Every structure is written in C-alpha cells, then in structure tokens.
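Geometric and topological summary
Okay, here's what each chain looks like letter by letter:
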Amino acid sequence: MLLSMTGYGDAHLHAEGVSVSVEIRSVNNRYFKLTVRGNELFSGLESQIESLTRKHINRGTVTVNLRVKSDATADKYRIDTDVLQSYVKQIREMSGQIGIAETPHLDSVLLLPGVVQENTDNDDEQFNAWPVIEKTLKVALEKFDAMRQHEGETTTHDLRENLGIIAKHLQEIEVQSPNVVAGYRDRMTERVNKVLEEFDVSVDPSTLLREVAIFTDRVNISEEVVRLKSHLQQFEMFLEQKESAGRKLDFLTQELFRETNTIGSKANDAEIAKGVVEMKTAIEKIREQVQNIE
C-alpha cells in the first residue's frame, strides 16, 4: 500500500475547559522534518507531538499548527495593584501639567498593558491540556492518513499503467532483437558480394563470420532485457507490500532507466529505438510519481 507524502488533516475538540484546533500539512522530503507552530505556552509539548506524529509519518516535511485556548475563569486573572496605581498617578500628573481636570476611569485603566495578568503555571497548563491535545492530534492524523491513502491508491493505478507500457515495449524489443543481427548479416553479405564483383577479389568466409559475431556480441541486449523484467516484477511486488516503499521504488526507477538507456545505446535498430523512447517516457512519469511516495 503506497502512501503519498503530500497530505492534510485537521481536527477540533473542546473538552475539560480547553479548546484545541490542529492542522497537519506535509510536502515531499527525503527525510522526516517536523515544525510545530502555535501557542508559545505549549512549546514544551513538541517532543510528545513529534513522537505521536512519527508513528504515522516516516518521510516528508510536516507542519503541525496547534491552537489551544483555555476557558476563561475569574480565578485565572489578578489585578496588579502596583501597576494600576502607577498608571493612575501618571495620568493625574499629566492632567495637571496640561491643565485638564481629568479623573482616570477604572474600566479604562484596567485595559492598559500589565494591569490585568493571567495566573498561569506553564507546566500545569501543558499537563492539563495534553490529553485533549493528544486526542485532537490523533483525529487529525487519521484524516491525514486517509487522504494520503487515497492519493496513494491513485498513484498506484498510474504506476501500473506506466509499468504496463514498459512491459509491452520491452516484449516488442525482445522480439525485434534477433532481427537486428540477421539484418546486419544480410547487409554485410550484400556489400561483400558487391565488392567481390567490382574488384574481383576474394574474402575468407571466416572473416565475414567473425565480423558478424563481433557485431552480435556488441548489440546483444539479452542481459538487459532479463534485468528489466526482474525490476518490473520487483516493482509490482513493492506495490503490494503493506508498508509504503518509496525509497525502494525510487532505486528501482533508477535501475529501470539505466537498463533501458543501455538497450538504446547497444541496439542498432530504428524500431528498437522507438520502443526505448516510449519506455523512457513512461519511466520519467514513474520517477515523478515516486518522488511523492513515502
């Protein structure tokens, strides 16, 4: 089962006086890279978030957006009287300097920075909120996995189509390959006979056979064909595995291209060259798709 490295999942949960919102996004990367964004108050939970995320994701650049909001209660806040008195004093002094009889209103002063402070203990806040954050993250990861599985199924279908194209042209090349040697032998014989008639010379038949043998060895692609067939079988096997095998498929794709390229350079035949072009086109499509597989 293939999994796409590109995915998205989100979840929202309110429980135990805490509202949590989680968004997960990922893009391609050869390795696992996690970035957690959100309330600075909960930055100490990054290790737990990473541990849980790694259970679902092996590769990719992953961004987790975390928003946590605690329900407001009166005992969570206190008025800093020293700051409040300092503001009132400064306002009265300023009013006297500019000749305005202004009495500061309490409701206005309370809105000034530092007057009302939140009673928070970071460790306690994180500890109390983590169970809700964990539940929300798990739901988001489930949605994230579902999206990646769907994209993986689509990718698997496309990969099999391109593998079929490669197999089809490989079979045609395998059939055409013996004709390359036969055609060379016939052309060589025709040229030799023409030279014999024109210049009245003789050629040792063994010399002609040796030239044909050398050419045959040079254009022999049987080993490349066998290896290509083996790579196609392995590719299909990796598609059927329970775990996503992006790295293995990436390596096999390189091997498919290498063997196909060798066939193109060795086979001195127009029909085989056409087949090689079609195979390379399919392999390039596979290469692009494999880059997005975990």
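Residues numbered from 1 in each chain as written. Predicted model: local features only at pLDDT ≥ 70, side-chain atom pairs only at ≥ 80, totals over all residues. Heavy atoms only, no water.

1. Considerations on the pattern of salt bridges
This structure, assessed with the given rule, holds 18 salt bridges. Across the pair Asp145 and Arg148 runs a salt bridge whose closest N-O atoms are separated by 3.3 Å. Separated by three residues within a single helix, Asp145 and Arg148 lie in helix H4 (residues 122–199), roughly one turn from each other. Take Asp145: its relative accessible area is 14%, and that puts it in the buried class. Overall, Arg148 belongs to the buried group, its relative accessible area being 0%. Between Arg160 and Glu240 there is a salt bridge whose closest N-O contact spans 2.4 Å. Placement of Arg160 in helix H4 and of Glu240 in helix H6 (residues 222–240) is noted, with a sequence separation of 80 residues between them. Judged by relative accessible area, which is 54%, Glu240 ranks as exposed. (Salt bridge = Lys/Arg side-chain N within 4 Å of Asp/Glu carboxyl O. Helix = DSSP H or I, 4+ residues; strand = E, 2+ residues; numbered from the N terminus. Buried < 20%, exposed > 50% of the residue type's maximum accessible area, 1.4 Å probe, protein only.)

2. Notes on the sheet that holds strand E3 (residues 32–38)
As summarised here, the arrangement of the four strands in space is E1-E2-E4-E3, forming an open sheet in which the pairing is mixed. Strands at the two margins of the open sheet, each flanked by one partner only, are strand E1 (7–15) and E3. Neighbour-to-neighbour, the strand axes of this sheet turn through a mean angle of 15 degrees, independent of strand direction. (Pairing = 2+ DSSP bridges. Axes fitted to C-alpha atoms, helices over the stretch in contact; angles between N-to-C directions.)

3. Some details on the nonpolar core
Proteins that are soluble and globular tend to have nonpolar side chains buried together. By size, the foremost hydrophobic cluster in this structure holds 27 residues, and its most contacted members are Leu159, Phe235, Leu249 and Ile263. It is helix H8 (residues 270–290) that contributes the most residues to this core, seven residues altogether. Not counting residues within four places of it along the chain, the set of residues in contact with Leu249 comprises Leu2, Phe235, Phe238, Leu239, Val290 and Ile293. Membership of the second largest hydrophobic core comes to 24 residues, among which are Val18, Phe42, Leu66 and Leu141. (Core = buried A, V, L, I, M, F, W, Y, C linked by side-chain atoms within 4.5 Å. Contact = heavy atoms within 4.5 Å.)

Just distances and angles here, no functional claims.
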